[in-house]
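# A look at the structure
Listed below, chain by chain, are the residues.
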Amino acid sequence: MNALRRFDVAIAAMALAVLVAGLAGISWHTVRSAETVLVPALDRKAQSVARSVAGLSALAVGYGIPVAQFVRAEEVLRESLDDNQDFAFAAILDVDGTVFAEVTREATGGYATAEADGITISTATIQTADEVHGSVVIGTPRTVAERLVRDVWIDVAILLLVAVLIAFELTAFAFTLPSAQLLRGLTQRLHALRRGDMRPHPQMATAGPMGAEIEAADAEINRVRAEHQALQAAADGCGDAGVQRDLKTLSRTHRLQETRDSPPVSLAAVRAPVFLFFFAEEMTRPFLPAFIANRADPDIGLSVELIVALPIIVFMAIVAISQPFLNGLSERVGRARSLRTGALIAAFGFLGTGFAETVADITAFRALTAVGLAVVFVSAQGFVVDRTGAGQRARGIGIFVSAIMAAMLCGPPIGGIVADRLGDMAAFTVSAGIAVVAYVCAWVALPRGEVARESGARAVRVSDIFRVLARPVMLALLVGTAMPAKMLLIGVCFYFIPLVLAQGFEPAAIGRVLMLYGLAMLIIVPAVSRWSDQARLRMPFVVMGNLASALALLHLYIWPEPWGAALLVLQIGIAQGVSTTPQSALVGEIGRRVLPDLSEGGIYGVFRLVERLGTAVGPLFVGLIWTLLSADAALAAMAAVITLGALGFALAWWRAPVSLKTGSATAGSVQ
Amino acid sequence: MAGARFPEDRLGNRGLGPVISRRSFLGTAAVLAAPAVVRAQDQKPFKIFQITYRGETDVERGFRDYLEQRGVPVEIIHRSAGLDPSRVPQILEEVRAEAPDLVYTWGTPVTLATFGREGEADPEQHITDIPGVFTMVSAPVGSGLVTDNASSGRNITGTSHVVPPEPQIRAMQAYQPFERLGIIYTPTEQNAVAIVDAVGELQDEMGFVLDARPFPLDDEGWPDAQGGPELVEALVEAGAEWLYFLPDTFLSQHIQQVAPQATALRLPTFSAVELLQTDALLSLISRYYSLGQLVAYKAEQILLEGRRPANIPVETLERFALIINMPIAKAIDLYPPLSMLSYASVLTE
């Protein structure tokens, strides 16, 4: 295993080093040329606006209106300021250089203090054939140029980060291709032999000269093991204690009687299609709410906020409710085939959404996308579950969950940049294209043959739901902590925030804010999951995580946008990263104790269902209160639900029988 | 409604100088009539009989130029009523003799005399069997010529030159906001009374008070322009901030009794007809030349495409020209807002 990892790491590190070096060079060059292009462009823009106002002024002078008698010149200046958010002020000076009319932005000073305020001035003279009558000046703060360059840096940094992550995915994907698998299999064997490790390797399909080498190595290992066994039998037969001891030592140092326990290499094949597919969906996060709002028709009697929530609610509800049903279907159809079909369905959904003109169309196409997404999710999960035993399942699921998290990190900023540059319609088309690439990827990499399921997680039954929720502790854990967490994530982070930010920011900026959730999860979850394995920390982690996520809402009132939203999303990401692993562990542990006759699969099925219902309820909850009362009320209600839920769970835990807690503590310390 | 386009013009034509009124319909014409032009090449010319009120104007020039540019072969016979609509029946005798493909009329009196009111047209007196286009009819429905602008239901269609009241009020507000609007009108002119009513209806919505004063009538019921200067003075005393010149024939003829007094009293004046642009501080008008092109477009549809006039709507232009009279602005010391210069035309003398 170590050899395998070392080989992967070496190849990946080399590929990455080349890539990062190249990208860093390109980035540096991009930012340098941005500096040399952007700054003069800013000045040219100010110059051209100043000339245009001066031209109009000269026209007025030509008609016999002296500069000192210009009427409502501020209107013209105000308009040039409104059209160019970068300008700090615009003024008309008379021939002596005194200000005749001036319009300044609230935050900045005017012409008189320009030098002290660090404002660059662009001037155009008001001139008729032979005479100068005054001038028009436009002020651009020097910070604007700095901000533009900084924005370029941020964009480039994000692209670099995303490129690296995608490169990781592609490298991992490349290892799942047959030739790479052969190379890897051979390396694995040679490394093992060099260490004197004589355990047998998992069988693999072989072909070509490299296949022959692998077969030779395997044959040799088998021969050594067989001979060792024969010698052992012979030694046992004649009862030679010395030889027996030597053979035992040999067996220990060369692991002649051990077997390997590693998940099949083919599992990794599911990662790339899943990453690409969820990347396509995550791309739409920053601009979807505003996209719906632009097509909302308030005449149908609902507020714009609720209309925007509608397609999101429908999407989440379909994903939540259809999964148990789809699991059986994808099993019958075959995991690989259903995953591909799901990707194609979603591709049509993306494309249709991009061209939709009414909210009804958007809702219909988002519903189609939701079906596709649910199919892909269920198929990928089933693909892993079918191929792993209980011992390897957590790691198998981890492979594809981390792919989704990487997509959550990469998707929003890239989607935002695409929407900024090409428009949201084009961004949906790009999403559709990536979903098709995910389809191709799945077609290339996923094995055609199906394997028998090792242990089936059956579909959730209604009776399971009632049985699980009838237990106060389970009710408090699921409805009090799991559901509000998802309500907050979708209702606030992916619905409220993009919609509110869209009023003042470009999709790229919104995407940067939303990526912080994926970033926090990707970093926090692995770090915390080890820490929270100590069972006695689980309850406090869940309660504190949820309370911290409720407190995150305060950022919106403390900091100016977009920083408030960014800190909110980041804190929610960290807080949920802290609570999500212990929460999931608690579901299994408490469930085993209070419902010993219900299968773990059944308990987790109810857990996931309740959690996903939260994703649909979240936007509905926020949208309704937003419409009926106000945005502040919606956020306050959201905070109240999470806080009360978390405290309710703490209370239920506190009142629960001691055996439950000590029991789970034992279970935890055993692991 | 065509008139509602004014604010778009303000934004859309920034920096392009005078408002150009031809483009909107010329584009449509090019699309609709292109195949027909090819067919028209070796045809013998269409015969068009024009009857005008006071001889040829820019409308007829626009009409002729449009057809020429479109390659429509026409032979135009022109007759003027010489300011006397009672001469029209005599001209109509000639029309019947010439048997033209189309009859063209200019102004409400000539048009009514040629085609008759809707429902009252008499084949003996009026032209009913030859397709007709009319222009410079300020109120095609109000004058009883047609009952519906969308379709005349008759063998005629045409154009109106009147700019609707709302963009006119808005143009005045853009130059100099006001609360009280003065009007001097001729109570015996049906058109003028109708427009005063229409402007009156906008008072609440657009936030002003209308002060409309009629010319006094003499013993025989004829309007008297002698009291013009006093009417202007009374309006100024009552607090009127603008004086609005309607498309009013009597007022146009006696504008010298009104306009100079307004300028002397520094009362800004506004006109909605091209004729009075030299007498008013500000005018929002349909250009006669553009109007002629619009009529010619309709004529082309009838002659080349064989469309029935009843199926062609009666229209006004969608874009108007805003004209600032700089000598008056100087005289009353009220210069236009700087931004207006980027979309208005300016008269400098």
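Residues numbered from 1 in each chain as written. Chains lettered and ligands numbered in written order. Predicted model: local features only at pLDDT ≥ 70, side-chain atom pairs only at ≥ 80, totals over all residues.

With that settled, the discussion passes to the interface of chain A and chain B. When the parts of a complex come together, some accessible area is lost, and that lost area is often used as the size of the interface. The partner chain B presents eleven residues to the 13 residues of chain A that form the contact. When contributions to the side of chain A that touches chain B are tallied by element, the ones reaching two or more residues are helix H1 (2–62) and helix H2 (73–83) of chain A. Taken together, the residues that form the side of chain A that touches chain B break down as nine nonpolar, two polar and two charged. (Contact = placed C-beta atoms within 7 Å. Helix = DSSP H or I, 4+ residues; strand = E, 2+ residues; numbered from the N terminus. Nonpolar A, V, L, I, M, F, W, Y, C, P; charged D, E, K, R; others polar.)

This part takes up the sheet that holds strand S2 (residues 99–104) of chain A. All names here are of chain A. Spatially, S2-S1-S4-S3 is the arrangement adopted by the four strands of the open sheet, whose pairing is antiparallel. Looking along the sheet, the strands with just one partner apiece sit at the ends: S2 and strand S3 (119–128). Strand-to-strand twist of the sheet, defined as the mean angle between neighbouring strand axes without regard to direction, takes the value 15°. Where strand S1 (residues 89–94) and S2 come together, five bridges link them in antiparallel fashion. Directly across from alanine 90, in S2, lies its bridge partner valine 103. Sitting on the sheet, H2 is in contact with S1 and S2, with an inclination near 35° to S2. (Pairing = 2+ DSSP bridges. Axes fitted to C-alpha atoms, helices over the stretch in contact; angles between N-to-C directions.)

Another aspect to go through is the nonpolar core. Residue and element names in this part refer to chain A. Core analysis: the biggest nonpolar cluster contains 158 residues, and Ala435, Val569 and Met638 have the highest contact counts within it. Ranked by residue count, the leading element in this core is helix H16 (residues 472–501), at 21 residues. What valine 569 contacts, discounting residues up to four positions off in sequence, is Cys493, Ile497, Val513, Leu514, Leu516 and Tyr517. (Core = buried A, V, L, I, M, F, W, Y, C linked by C-beta atoms within 7 Å. Buried ≥ 20, exposed ≤ 12 C-beta atoms within 10 Å, placed from the backbone.)

Now for the environment of threonine 353 of chain A. Residue and element names in this part refer to chain A. The topology assignment puts threonine 353 in helix H11 (residues 335–355). Taking the number of C-beta atoms within 10 Å as the measure of exposure, threonine 353 has 27 and is therefore buried. Considered as a pair, threonine 353 and alanine 367 are 14 residues apart in the sequence and their alpha carbons are 9.8 Å apart. What threonine 353 contacts, discounting residues up to four positions off in sequence, is Ile362, Phe365, Arg366, Thr369 and Phe428.

Turning to helix H5 (residues 108–115) of chain B, a few remarks are in order. Residue and element names in this part refer to chain B. The element H5 is extensively covered by neighbouring structure, given that seven of its eight residues are classed as buried. Residues Thr108, Val110, Thr111, Leu112, Ala113, Thr114 and Phe115 constitute the buried set of H5. Looking at the buried positions of H5, the neighbouring elements they touch are strand S1 (46–52), helix H4 (88–98), strand S3 (102–106), strand S4 (132–135) and strand S5 (156–160). Of the residues one or two after H5, glycine 116 is the one with positive phi, at around 75°.

Once that is clear, we can look at the packing of helix H10 (residues 304–333) of chain A against helix H12 (residues 359–387) of chain A. Residues and elements named next belong to chain A. Remark: H10 packs on H12, axes separated minimally by 7 Å, with the N-to-C direction vectors making an angle of 35°. Crossing angle aside, the handedness with which H10 passes H12 is right-handed. Across the contact of H10 with H12, the residue classes break down as 17 nonpolar, eight polar and two charged. (Left-handed = near helix turned anticlockwise from the far one by under 90°.)

All names here are of chain B. If you check the backbone angles, leucine 83 has positive phi at about 65° while not being a glycine. As for its position among the elements, leucine 83 is in the loop between strand S2 (74–80) and H4. According to the C-beta neighbour criterion, leucine 83 is exposed, with 11 such atoms within 10 Å. Even without glycine at this site, alanine 99 takes up a positive phi of about 45°.

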